[in-house]
Amino acid sequence: MADAYVALADGRVFEARARAPGRTRGELVFTTAYTGYEESLTDPSYEEQVLTFSYPLIGNYGVREERFESDRVHPTAAVAREMTDDVAAWLEAEGVPAVDHLDTRELVTSVREEGAMACGIAAGPDATPEAAEEELAACKGMSDHVDIGKQVSTDESYTVEGGGEFDVALVDCGAKGSITSSLADRGADVHVLPYDATVDDVEAVDADVLFVSNGPGDPANFEAAQELVEAFAGELPLAGICLGQQIVARAFGGETEKMAFGHRGVNQPVRDLDSGKVVMTTQNHGYSVADPGSLDVTQVNVNDDTAEGLASDDESVITRQYHPEANPGPHDSLGFFDEVRDLAERTHSPVTAD
Amino acid sequence: MSGDDRTILLIGSGPIQIGQAAEFDYSGAQACRALREEGARVVLVNSNPATIMTDPEMADEVYIEPITTEAIAEVIERERPDGVIAGLGGQTGLNVTAELAEEGVLDEYDVEIMGTPLDTIYATEDRDLFRQRMEGLGQPVPKSTTISLDDDESVAAVDADALRDRVEAAVDAVGGLPVIARTTYTLGGSGSGVVDEMDELEERVRTGLRLSRNSEVLVTESISGWVELEYEVMRDADDSCIIICNMENLDPMGIHTGESTVVTPSQVIPDDGHQEMRDAALEVIRDLGIQGGCNIQFAWRDDGTPGGEYRVVEVNPRVSRSSALASKATGYPIARVTAKVALGKRLHEIDNEITGETTAAFEPAIDYVVTKVPRWPIDKFDDTDFTLSTAMKSTGEAMSIGRTFEESLLKALRSSEYDPAVDFGQLDDDELREEYLERPSPDRPYAMFEAFERGFDVEEVVEATGIYEWYVERFARIVEASKEVVDGEFTPAAVAGFTNAEVSALAGNVFEDSSLTWLPETRGAWRTADATESGTEAAEAEAASADAAGAAAGGAAAEGDDGDAIPVSAARAGVGQVEADVPGRTYKQVDTCAGEFAASTPYYYSSRQPEWFAGPYEGDAAAGELRVDRDTDSVVVVGGGPIRIGQGVEFDYCSVHAVRALREMGVEAHVVNNNPETVSTDYDTSDGLFFEPITAEEVADVIEATDADGVMIQFGGQTSVDIGEPLADELERRGVDCDILGTSVEAMDLAEDRDRFNRLMSDLGIAQPEGGSATSEAEALELADELGYPVLVRPSYVLGGRAMRIVDDDEELKEYIEEAVRVSPDRPILVDEFLADAVELDVDAVSDGEEVLIGGVMEHVEEAGVHSGDSACVIPPRSLGADTMARVREVTEDIARALDTVGLMNVQLAVREGDDGPEVFVLEANPRSSRTVPFVSKATGVPIAKLAARVMAGESLADIDASEAIPEHASVKEVVLPFDRLPDSDPRLGPEMKSTGEVMGTARTFGKAYEKALDAAGHGLPEGGTVTFTTRGDALPADGDDAFAEIRDGFVDYYDEATFDDLTEALKTGKVDLLVSDDRDALRTAVDEDVPYVSTEAAARASLEALSHRDDDIDVMAVSDRPRHTTDWGR
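- As named in an unreviewed UniProt entry, chain B is Carbamoyl phosphate synthase large chain, taken from Candidatus Halobonum tyrrellensis G22.
- One UniProt comment on chain B, placed under Subunit (unreviewed entry), says "Composed of two chains; the small (or glutamine) chain promotes the hydrolysis of glutamine to ammonia, which is used by the large (or ammonia) chain to synthesize carbamoyl phosphate. Tetramer of heterodimers (alpha,beta)4."
- The Sequence similarities (unreviewed entry) field of the UniProt record for chain B holds the comment "Belongs to the CarB family."

- In the annotation of an unreviewed UniProt entry, chain A is listed under the name Carbamoyl phosphate synthase small chain and assigned to Candidatus Halobonum tyrrellensis G22.
- As its UniProt record puts it under Subunit (unreviewed entry), chain A is described as follows: "Composed of two chains; the small (or glutamine) chain promotes the hydrolysis of glutamine to ammonia, which is used by the large (or ammonia) chain to synthesize carbamoyl phosphate. Tetramer of heterodimers (alpha,beta)4."
- Quoted verbatim from the Sequence similarities (unreviewed entry) heading of the UniProt record, the comment on chain A is "Belongs to the CarA family."

Here it is in C-alpha cells:
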C-alpha cells in the first residue's frame, strides 16, 4: 500500500512511497541534472518549491556535508523515482518530506505542458490523499511569498576572507556557498550582507564591487536589493547571478516575468553573442529578464533566446542568469568570476606597499 | 562553407570482427545522410557487403572494394574527392587514411583530411606521445613506459636476457607488477592485458613487438579496481565543446570497456568528480584540436576528497563503438554531427532532430538508466579461456533502457540471449567464488545472482568481484524480488524487470517464451518439459524437478530452496494471472532532454509502472507516450538482437530493408530491437523504434501499443524466428488481431523438423543425403551404422552450425552425443550421410506463394564439411552446367511452393557427380532471411529483402515487376575469422561456424576476385618469400599424394619452399611468409604470429588461381557500374 501522496493543481493525486515523513506544499518544479543532488537540495533558490528529480535514481553516492551549498535543505520536499536510504535518512533528519516510487516522468511532462504548478504532499504512516489535497489547497504562488528573502538570507553581515586583493559586497538573497568561495578563491574578501542591507551597510565595507546573489522566488519581492543597485549604479561596479541579474535589470529600468516552468538543470546551452561560442551552464530559475532596460543582452539561451548575460555600455555592470559557480554542473563559465575581479580591480585603489 | 558541392570520400570499417562490429555501418550510414543533406557528393568505400552503408542509395558512388591503399588510391584517382573524413570508419578507416597520407596519395590528388587532423590521430595512437601531451596539460595519467625495437632490430635478434633486462627496467619505471602491457596501433586492445608475472610479461612483450605496427609495447601502471569511465565529447571549429554523456563500467578497471557491462549515465561518481573529468575531457579535446566526436577514458576512485581522484587513460579521436552506444543511449546522433562539423557547421547551426526545437549545441539529459552487456562466442570455442581482460573477445552487444538499474540490467541480460556456460548446480561455494565471482567472465552477472540465491551477502560479493557496492546491492535486490514470487508476491519481481512469463516460471510453471533473463536452476521447473525424452542424466534431473512442480500443482506445495513451501496462490500461476496482478508496461520517449521539451522523434522504451498499479495497459493507455497513429496500417519488424557468430549485421540489413519497403508502400513500420550498433536502431530508420528485448511477451506489448496489423519475424535471423511460436500463442491468449506475415510459423517449423522435411522432399522427388533423427545414443549408433561413416551429426534447431560435427566412428559419435545433448537438451540429434567431394551451393529466393524469384545462386569455394557460413563463395557459380542450373532452379521452386513460402527462402544444395551426371541434393531449406541476402543483392543489384517484405505485405511479384539479374563479373564473399582474438582457439575450419564477418571482392575473373576478397579480409597472400607445407591429410591432401604435389608445385612457382626442423620457432622468428597446413598446432602458431596461411585444399586451389591473376588490373569499379544481365537463373 502506498504511504505517500502527491496532489497536483491539475487535480491528480499520485500514490508513492514515503522516504521521509511529513506534510508540506510548494511549487512543483523539476531539475534534469543527474548528479549534484546534495548541491541542489541545499540550494536556497529552491525555497518554497517541491523539487522533482527527472533522473530516476537519486542518492547513489551518499551524502557529504562538504558538498552542501548552504546549511540546510531548502526545497519543501524532494521527489524521485527511487531514492537511496542515505539520502532518505538525511532528508528525514532535516525534517524535509521525501517520496519515491512514482512515475516522475509523468510529473515532469505535466509541468512541461501545464507549467510549474502548486502541489501538496503527505508522506508517512498517517498519510492520506486528502491530507495531500489539503496541503495543495494551502499552497501559495511563488510571487506571493513576499518575505522569501528573509527565509534564506543571513541575519547578520559577515566576511569571508580571500586575501584582501579586492572587496565584494555580496547581497545575500539566498546565496549559494560556491559564489562566495569562487570570489574568495580569486582573492576577494567577501562581505556577505543581508538581503535587506542598506546603502550605509554597503558603504561600511568599502566594497570594490556590489554583487547581488541568486535567490528564490520573484525578483519583484526584493525591493531593498533593487534600491541598493539603483543607489550604487554608476558609483560601483555591479554584478549579479540569477535572481541577482533580474534585480539588476529591474534597477536599470528592465522588466522580469514568470516563465512557464523555468530552467533547472546543468545542460542549458548559452551562446555568447560576441564570440559565438556556446557553453553549458547550470540554471535554476523560474523568472527571467523580459526587458533588460538600459543594459545590453550579451549572452542568450540557445534553446529559447532568453537573456543569459547583461552588461552596461561602460562595462561597469555584468550579470549572468545562469550559475557560473556551478555546483552542481559544468565549470565552463567560471571565468565570470575573473571578469568580476577585473571589474573590481579597475576601481580598486591598490594598497601601498610598506 | 557548408551546403556546397564538394565530393567527400567516406571510408568504412570493413568486415565485422571482434573489436569492430556494426557500429561503423550505423555511423557511416548516418554520416552519408548528413553529408548529402548538406549538398555534398559522397563516395563510399567499404569491403563489407552486408552493410546498409553500401546500399546504392546511400551514397552517390558506392565502391565495395578492399580497404587497402592500393584500392582506395584507385578510387581517389577515379573520383577526385575534395576531402576524406577519417574518423568515421573505425580503426580500419583511420589506419588506411594515415597510410594514404604517408604514401603521398592524398597530397598527389589534393585530398584534404576533414575534421580531426592526422597529427591528432598520431598523438592519441602513440601512447608515449599521448602521455607526454597529457603531462604537458597537467592531466594525470597512469605511469607508463614503452619497450621498443631499434630501427634495424628484429624481435628474433633480441636474446632472452636482453629482453628480460628491458622488461624489468620497464616494470621498475611504472612502480612494479602488476602492470598492463599493450601493443600500439591495434584494434580492440589485441594483445594486451593485466600481467602480474614476469615470465608472462616477457612472452607478451615479445609477441607485441612482432605484431605492433611501430614495434612498440607499452607498459603501464595498473589501476585495476578503479572505476572505469568514458566521456563522449563533441567539438566544432568555433571551439564550442560539449559532453554527450558519460558511461560507467560496472566491471572495474582492467577489463576492456567493450567487454564490460556499461551503464549510462554514471551512477557512483559525485558531481565534483564528474565535473573534474568533464573539464579534463574538454581541455584534452581542445588541446588535440579534434573536430567532431571523440571518446576519452578515465579511471576514477574515491580517495576521500569530495570529488575523488582520476587518471586520463585513453583518447579515441573518432566515432567508436562507445559513440554508437552513447548515440543510442541519449538520442544524440554523434556520427551525424561529426560529419556536419567536418563540413564546417557549428553545433548551434545543427538541428536536434529528436526534439525538433533545440540544436546540437546542448548536453543531453536522460531520465532513465541504460545498460549495455556484451555478447561472447563462448559456446563456439571450447579451448579459449573467456576470462575478461583488456583484450576484447565479444562479438556484439545488447543495450537496454529502464527506469531503475534493476529493470535496465534484466532487460539487457534478456536481450543478450546468453545462456550461462556453466551449470551452477555443480559448483560448491568456493568454486563459485573463485571461478565465477573473483574471475571476471561472461557468466559473472549470473554468478552474482547465484551467490545471492545461496545466501551470500553483499559485502562478500563486493569483495570477490571488486564491483561497486551500489551495483552489487541491486543484484541482491533482484534475487530477493525473485524469491518473493514463492510467497505469492509477483509485483516485486515484475517491477525488478522480470517478464510475466519469467514470473510465472518462478512460480513453478514451465517457461514458454523464447529467451529469458535469469532463472535460478535450483528453483521451479521452468525448463521445457519435453526434455525428458532424451533420456540423459541432465534430462532426468529436469524430469525429477518437473515432477516436483507437478506435485505443487496438485496442491501439495513444493519445497522452495530455503525449505519454504510454495503457497497454493503462487504455485504455477499462469502468465495471465501474473499479468493481471503486476503493473503493466508503458512506453516512454527517449527525448535527449529528460522531458524538458516535447520530442517529435518516435524512439521508445518500456518501463513497468511503480507497484501501485496492477494489470496490463490496453488500447490507448498501452500507447503511453507513443506518437504513432494507431489507426493507420502498420507492421512491427522484429530485429536480430546482438551480433554473434552465425547472426551478424546481415540480419540488420534485412530488417532495415523490410522497414524501407513497408514505408515505400505507405505502411508504417515499427522496429523492435536492442542492438545499439545498428542502423535498424537509428531513430529515423522506422516510424517507431522500440528499444526492447526480443521476447514474445515484449513484442506482443509493442503490437498492442501500436495496434499493428502485422508482424514480420523473417528478417532478424534465428532470434526473430524463435519467437514465432510463442508469439502466435501469446497473441492468441491476449486476443490480439495481428497476423504473422509471410511464410507460416508452421512451415518454418516443418523446414526445421528433419523427419517431416525428409518426407516432403521425397514426395517432391528431391534427393537428400540419407539420414534421420535419433533421440537416444543407441538409435544414433544404429543409424550411423546404416549410413556408413563418416556421418554428419548435429542437434536439430541450430544456429550457425552450433555443435555440428563430422564423426568417423562409434567412439566419436558417443562422445559427441554427451556434449550435444547438453547444448540442446530438448531436441533430438540429426545423423546424416556426409557428401564428400560435393560442390555446395546456396540459393536465396523470394516467393509470393506462387511465383519464385531467384536472387542468386552461390557456389562455395570450400567443400562440404566446412560450414556454409565459413566458406568463401562466388556468384555466379563457376563450375555448373546449364542442366544443373536448371535443376537447381526447379528444386528451389518446388521447395518454395511446397512450404507455401511467402517472403525469403534460403536453400543449401550439394551437387555431386553421379552415374547419370551431376545430381542435386538438398541439405537444408530455411523459409526466412539468410546471411547471404545482402551479398546476393550487392552482387546482382536485386534488392531481395525489400521484395520479400513487399510480398509479405500482400503484393505479388508480378505487381512489383521485379526481375532476376546475373552479374557478368565474379563476386567472391570471403569470411573473417576471429582466431587471432581468441587465444588457443582451433583455427581449422569445420562444420561449426566460427567466422564473425565477411567481405566481398569483385573482378572480371574468379581468381582476381578471390585475391581481392583475401586482401579485403586482411589475409592476403604475401608478395613473395617462403612457403612451408605441413599437412596431415585432413583438410589438405597428405604429403605424398598426387594432389599434394600439384598444390606444392603451384605455390613453389611463386614462393621459395622452406622446411624447418622446428616449425614453431620458424614461425615465431618470421622465417615463414606463407604456411600451407591443416595441422592445428602449426596453424595456431601462424595465427598468433600473424603469418598468412592456407588451411584447406579448396582454399589452396583458389589461392593458386588468385596468384595466377595477381598481375591483372585491380578492377576497381563502382558497384552500380558493374555489368549485369537481366536474365533468369537456370533458364
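1. Quick look at the UniProt feature "binding site: Mn(2+) 1" (unreviewed entry) in chain B
All names here are of chain B.
(1) Moving on: The sites that UniProt annotates as "binding site: Mn(2+) 1" (unreviewed entry) are Gln297 and Glu314. The greatest C-alpha distance among the annotated residues, which extend across 18 residues, is 5.1 Å, indicating that they converge on a single site.
(2) Moving on: Residues in contact with Gln297, not counting those within four places in the same chain, are Glu228, Leu229, Glu230, Thr257, Arg311, Val312, Val313, Glu314 and Asn316.
(3) Moving on: Not counting residues within four places of it along the chain, the set of residues in contact with Glu314 comprises Arg127, Phe130, Arg182, Asn295, Ile296 and Gln297.

2. A few points about the packing of aromatic side chains
Residues and elements named next belong to chain B.
(1) Moving on: For the structure shown, the criterion picks out 26 aromatic pairs over all chains.
(2) Moving on: An angle of 85° between the planes, with centres 5.3 Å apart, marks the rings of Tyr231 and Phe298 as edge-to-face. Residue Tyr231 is located in strand β10 (residues 227-235), and its partner Phe298 is located in strand β13 (residues 292-301); the two are separated by 67 residues in the primary sequence. Of the two residues, Tyr231 and Phe298, both sit in the buried class.
(3) Moving on: Between Tyr587 and Phe690 the ring centres are 5.3 Å apart and the planes differ by 90°, which places this aromatic pair in the edge-to-face class. Here Tyr587, found in strand β17 (residues 585-589), pairs with Phe690, found in strand β21 (residues 688-691); they are 103 residues apart in sequence, far enough to count as distant.

3. Quick look at the UniProt feature "binding site: Mg(2+) 1" (unreviewed entry) in chain B
All names here are of chain B.
(1) Moving on: As annotated by UniProt and renumbered to match this structure, "binding site: Mg(2+) 1" (unreviewed entry) occupies Gln297 and Glu314.
(2) Moving on: If you trace the backbone, Gln297 turns up in strand β13.
(3) Moving on: Assessed through its relative accessible area of 14%, Glu314 is described here as buried.

4. A short note on the UniProt feature "binding site: L-glutamine" (unreviewed entry) in chain A
All names here are of chain A.
(1) Moving on: UniProt records the feature "binding site: L-glutamine" (unreviewed entry) for Ser45, Gly215, Gly217, Leu243, Gln246, Asn284, Gly286 and Tyr287 in the present numbering. Taken along the chain, the residues just named run across 243 residues; in space they keep tight, none of their C-alpha pairs more than 13.4 Å apart.
(2) Moving on: You can see Gly217 is positioned in the loop between β13 (209-212) and α8 (223-232).
(3) Moving on: Once you skip the residues sitting within four places of it in the chain, Gly217 turns out to touch Met142, Ile148, Leu243 and Tyr287.
(4) Moving on: Position of Leu243 relative to the elements: it lies in helix α9 (residues 243-251).
(5) Moving on: Leu243 has contacts with Cys173, Ser213, Asn214, Gly215, Pro216, Gly217, Asp218, Pro219 and Phe222, leaving out every residue within four places of it along the chain.

5. As for the UniProt feature "active site" (unreviewed entry) in chain A
Residues and elements named next belong to chain A.
(1) Moving on: According to UniProt, the "active site" (unreviewed entry) feature falls on Cys242, His323 and Glu325. The annotated residues occupy 84 residues of the chain but converge on a single region, no pair of C-alpha atoms lying more than 11.0 Å apart.
(2) Moving on: Structurally, Cys242 is set in the loop between β14 (238-241) and α9.
(3) Moving on: Note on Cys242: relative accessible area 1%, which makes it buried.
(4) Moving on: If we skip the residues at most four places from it in the chain, Cys242 touches Asn214, Asn284, His285, Arg320, Gln321, Tyr322 and His323.
(5) Moving on: In this structure, His323 is in contact with Lys176, Asn214, Ile241, Cys242, Thr282, Gln283 and Asn284, ignoring residues within four places of it in sequence.
(6) Moving on: Engagement of the side chain of His323 in a polar contact is seen with the side chain of Glu325, the distance being 2.6 Å.

6. Details of the environment of Val672 of chain B
All names here are of chain B.
(1) Moving on: Looking at where Val672 falls in the secondary structure, it is placed in strand β20 (residues 668-673).
(2) Moving on: Judged by relative accessible area, Val672 falls into the buried class, the value being 0%.
(3) Moving on: Residues Val672 and Glu698, spaced 26 residues apart in sequence, show a C-alpha to C-alpha distance of 9.0 Å.
(4) Moving on: Excluding residues that lie within four positions of it along the chain, Val672 makes contacts with Val636, Val637, Val638, Gly639, Phe690, Glu692, Pro693, Ile694, Val699 and Val702.

7. Quick look at the pattern of salt bridges
Side-chain pairs of opposite charge can arise where the charged atoms are in close proximity.
Residue and element names in this part refer to chain B.
(1) Moving on: Tallied over the entire structure, the rule returns 107 salt bridges over all chains.
(2) Moving on: In this structure, Asp832 and Arg794 form a salt bridge, with 3.1 Å as the shortest nitrogen-oxygen distance. Of this pair, Asp832 sits in strand β27 (residues 829-833) while Arg794 sits in strand β25 (residues 791-795), placing them 38 residues apart in sequence. By the burial criterion, Asp832 is buried, and Arg794 matches it.
(3) Moving on: Between Lys814 and Glu811 there is a salt bridge, and its shortest N-O distance comes to 3.7 Å. Of this pair, Lys814 and Glu811 both sit in helix α29 (residues 810-823), separated by 3 residues, roughly a single helical turn.
(4) Moving on: Three or more residues joined by partner-sharing salt bridges are found here, namely Glu579, Arg585, Glu697, Asp701, Glu704, Glu730, Arg733 and Arg734.

8. Focus on the interface of chain B and chain A
(1) Moving on: Residue-level contacts link 58 residues of chain B with 50 residues of chain A.
(2) Moving on: For the pair chain B and chain A, the summed buried area comes to about 4400 Å², and 48% of that belongs to carbon and sulfur atoms.
(3) Moving on: If you sort the residues of chain B by the area they bury against chain A, Arg403, Glu596 and Trp612 of chain B come out on top, with a joint share of 18%.
(4) Moving on: Our count for the chain B to chain A interface comes out at 10 salt bridges.
(5) Moving on: Between Glu82 of chain A and Arg474 of chain B there is a salt bridge; the shortest N-O distance is 3.8 Å.
(6) Moving on: If you look at where chain B meets chain A, you find 27 residue pairs in polar contact (both at pLDDT 80 or more).
(7) Moving on: Secondary-structure elements contributing two or more residues to the side of chain B that touches chain A are β11 (241-249), α9 (271-288), α12 (405-416), α16 (469-484) and β17 of chain B.
(8) Moving on: With 9 residues, α9 of chain B is the single largest residue contributor to the side of chain B that touches chain A.
(9) Moving on: Looking at the side of chain B that touches chain A residue by residue, the classes come out as 24 nonpolar, 13 polar and 21 charged.

What counts, and at which threshold
Throughout, residues of each chain are indexed from 1 in the direction in which the sequence is written. Labels follow written order: the first chain is A, the first ligand is 1, and so on. Totals for whole chains, interfaces and linings use every residue, but because this is a predicted model, local features are given only for residues with pLDDT of at least 70 and side-chain atom pairs only at 80 or more, for both listing and counting. As a rule here, side-chain values come from all non-hydrogen atoms in the structure, and water together with hydrogens is ignored. UniProt positions are given in the numbering used here, feature names are shortened, and annotations may be inferred rather than shown by experiment. For this analysis, residues touch if any pair of their heavy atoms sits within 4.5 Å. Note on aromatic contacts: the rings of Phe and Tyr and the six-membered ring of Trp form a pair at centre separations within 6.5 Å, being stacked when their planes are under 30 degrees apart, edge-to-face when over 60 apart, and tilted otherwise. Where helices and strands are cited, they refer to DSSP runs of H or I of at least four residues and of E of at least two residues respectively, numbered from the N terminus. A simple rule labels every residue: compare its accessible area, found with a 1.4 Å probe on the protein chains alone, to the largest value its type can have, and call it buried under 20%, exposed over 50%, or partly exposed in between. Whenever a nitrogen or oxygen atom comes within 3.5 Å of another N or O atom, the pair is scored as a polar contact, on the condition that within protein one atom can donate a hydrogen and the other can accept it, and that pairs from neighbouring residues in sequence are kept only if both atoms are in side chains. The salt bridge definition used is simple: a Lys or Arg side-chain nitrogen within 4 Å of an Asp or Glu carboxyl oxygen. A quick way to say it: buried area is the sum, across both parts, of accessible area lost when two parts are put together, with a 1.4 Å probe. All residues other than Ala, Val, Leu, Ile, Met, Phe, Trp, Tyr, Cys, Pro, Asp, Glu, Lys and Arg, Gly among them, are scored as polar; the first ten of these are nonpolar and the last four charged.

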